[in-house]
Structure formats: C-alpha cells, structure tokens
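Overview (structure and organization)
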Amino acid sequence: MSLLEVEDLDAGYGDLQVLSNVDLHVDDGEYVTIVGPNGAGKSTVMKTIVGLATHFDGAIRYRGTDFAGASPEDVVRKGIGYVPQSDNVFPTLTIEENLRLGAYVLDGVPEDRKRDVYDRFPALADRTDEDAGSLSGGQRQMLAMGCALMLDPDVLLLDEPSAGLAPDLVDEMFDRVDEINDAGTTVLMVEQNAKEALRRCDRGYVLAGGENRYEDDSDALLHDEEVRQQFLGG
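Summarised in this report is the structure supplied together with it. The numbers attached to residues start from 1 for each chain and follow its sequence in the written order. Confidence filtering applies because this is a predicted model: local features only for residues at pLDDT of at least 70, side-chain atom pairs given and counted only at 80 or more, and all residues used for totals across whole chains, interfaces and linings. Hydrogens and water molecules were not included; the side-chain quantities draw on all heavy atoms of the structure.

Across its 13 residues, helix 6 (residues 137-149) extends 18 Å between first and last C-alpha, which sits within 8% of the 18 Å expected from 1.5 Å per residue. Summarising burial for helix 6: eleven of the 13 residues are buried, a large majority. Along helix 6, the residues that are buried comprise Gly138, Gln139, Gln141, Met142, Leu143, Ala144, Met145, Gly146, Cys147, Ala148 and Leu149. In this description a helix means any DSSP run of H or I spanning at least four residues, a strand means any run of E spanning at least two, and both kinds are numbered starting from the N terminus. Between the first and last residue of a helix there are one fewer steps than residues, each counted as 1.5 Å, and that sum is the expected span. Only protein chains enter the calculation, and the probe is 1.4 Å; a residue is then buried if its accessible area is under 20% of its type maximum, exposed if over 50%, and partly exposed in between.

Okay, the nonpolar core next. In terms of nonpolar packing, the biggest core is built from 45 residues, with Leu99, Phe121, Leu124, Leu143, Met145, Leu158 and Met189 touching the most fellow members. The greatest single-element share of this core, amounting to seven residues, is contributed by helix 6. Two residues form a contact once any of their heavy atoms are found within 4.5 Å. Once residues lying within four places of it in the same chain are set aside, the contact partners of leucine 158 are Met46, Val83, Met145, Val177, Val187, Leu188, Met189 and Val190. Remark: nonpolar core denotes a set of buried residues (Ala, Val, Leu, Ile, Met, Phe, Trp, Tyr, Cys) joined through side-chain atoms within 4.5 Å.

The subject of this paragraph is the pattern of salt bridges. What counts as a salt bridge is simple: a side-chain nitrogen of Lys or Arg found within 4 Å of a carboxyl oxygen of Asp or Glu. Under the defined criterion, the tally for this structure stands at 16 salt bridges. Here arginine 203 ties to glutamate 215 by a salt bridge, and the two come within 3.4 Å at their closest N and O atoms. In this pair, arginine 203 is assigned in strand 9 (residues 203-208) and glutamate 215 in strand 10 (residues 211-217), connecting sequence segments twelve residues apart. A relative accessible area of 45% places glutamate 215 in the partly exposed class. Through salt bridges that share partners, Asp171, Asp175, Asp178, Glu196, Arg199 and Arg200 make up one connected network.

What makes two strands pair is DSSP finding at least two bridges between them. The strand order 6-7-8-3-9-10 describes an open sheet built from six strands, whose pairing is mixed. Two strands lie at the open edges of the sheet, namely strand 6 (80-83) and strand 10, each paired on one side alone. The average angle at which neighbouring strand axes cross in this sheet is 15 degrees, direction not considered. An axis is simply a line fitted to the C-alpha atoms; with a helix, the fit covers only the stretch in contact. Between two such axes, the angle follows the N-to-C directions and lies from 0 to 180 degrees. Strands strand 3 (31-35), strand 6, strand 7 (155-159), strand 8 (186-190) and strand 9 of the sheet are contacted by helix 1 (residues 42-49), whose axis makes an angle of about 135 degrees with strand 8. Helix-sheet contacts for helix 7 (residues 167-182) involve strand 3, strand 7 and strand 8, and the interaxial angle to strand 8 is about 150 degrees.

Here we come to helix 1. In terms of residue burial, helix 1 counts as a mostly covered element, since seven of its eight residues are buried. If you check which residues of helix 1 are buried, you get Lys42, Ser43, Thr44, Val45, Met46, Thr48 and Ile49.

Shape is all these values report; function is a separate question.
Now the structure itself:
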C-alpha cells in the first residue's frame, strides 16, 4: 500500500479546472519529484492534497484512507507536512517564533524536534532571536522546512524549494532535501530544476496541461529522448 496516493484527480480553483485525471503515488521512504512546464498544474497537485485548492473529483488517500476535501489543519494532523513555494515564513517573527508556530496543532512545542531542526540547519541556530525577514532566500527555505518538520511528518511536500535561490545555493538546498529523506521522511517535491531534481530522486512524474504525461524511475526519465527534448531542454 502506498503512503500517499492520488487517483483520477480533477481539481482547480473555484470553477476553473486545472487538473484532469491525475494519478500519482508515493511509497513509504520514497523521494518522488513532479516536473513539467510552467502552468502544468504541478503546484495545484500539492495544494489540492493539502486542502488549498478546489477538489472536484478523484481520490486522495493517505495510508489507504481517502481524505479528499479535508481542511489543511486536518491534513497536517494526519502526518503530511507542506512547504509552499513563497510566503512560507512569518518575516516579522523571529526564527524561534516561526518554529514554535510550526507546532501549532500540538498541545506544546516539542523541544527535541526544535533541537533537531537547529542541528539540521545550523545557520538558523545562531540567529534564533532574529526576525525571519532578515534571512537570505536560502535560509528562509531552511526555516520553512524546519517549521514543517516540527510536526515530524511522515511525508513532506515541497513546492519549488529551489525557486529564487542563487545558483550556488541550489545544490545546498537539494542536499538538505536529500538529508531529510535519508533520515526517513518520505518526500514529494515539485521542482523547476527538473534535471537536478530527477538526478536526486527515486521516481518522477511529468505533468503537462494538467495531465500525466510520463511516469518512471528518475534515471529512465533522464535518459528518455522524448522527455529530454520536450521537458528537460535536450
């Protein structure tokens, strides 16, 4: 049984349908990436899973139970973490306050998890009392991931974690995602840097026009001539 599964998903925003019959699954411990051109519906898949887009039809299952249409709070409580592409931290709050808010659905702040976040992202540990707005783009992404990890999710959804980062920081961001997966957290990621994402992950999906176009092991997608020409820049 897959940890997270999407089947025949139709979704969008309001009355606008963006996704049509989208299928994907992520098994326990896997690292899966969704790639495709701008406007393909990649982020809409993520937002529909976490209850931030309009679900029209189809199933969204977690550990075999359909939760399509659940509220974001209910989704988080199930063990699904989510890091949006933008506006993913509170810039006027400190790093410490952001992390505490990451545990908002719990009765208290798990200090051990907070220590784990600081251990994983040492650049944050030295600036706990500074406003998140003072951080660089890469540090903000680390803080956003840290906030999601405060709930110790079984699966982490990452929407374009390398977006807007300086080229020299992109590899570091991917390294962080690798480490999170290696530590046991299942990862489903949407990424614009398709080649590097596919080099890192186990499997990939290619979306275009709101529909599935390709699904395969990452290495097979990287070496598929049609995929390379149409979606990976040759």
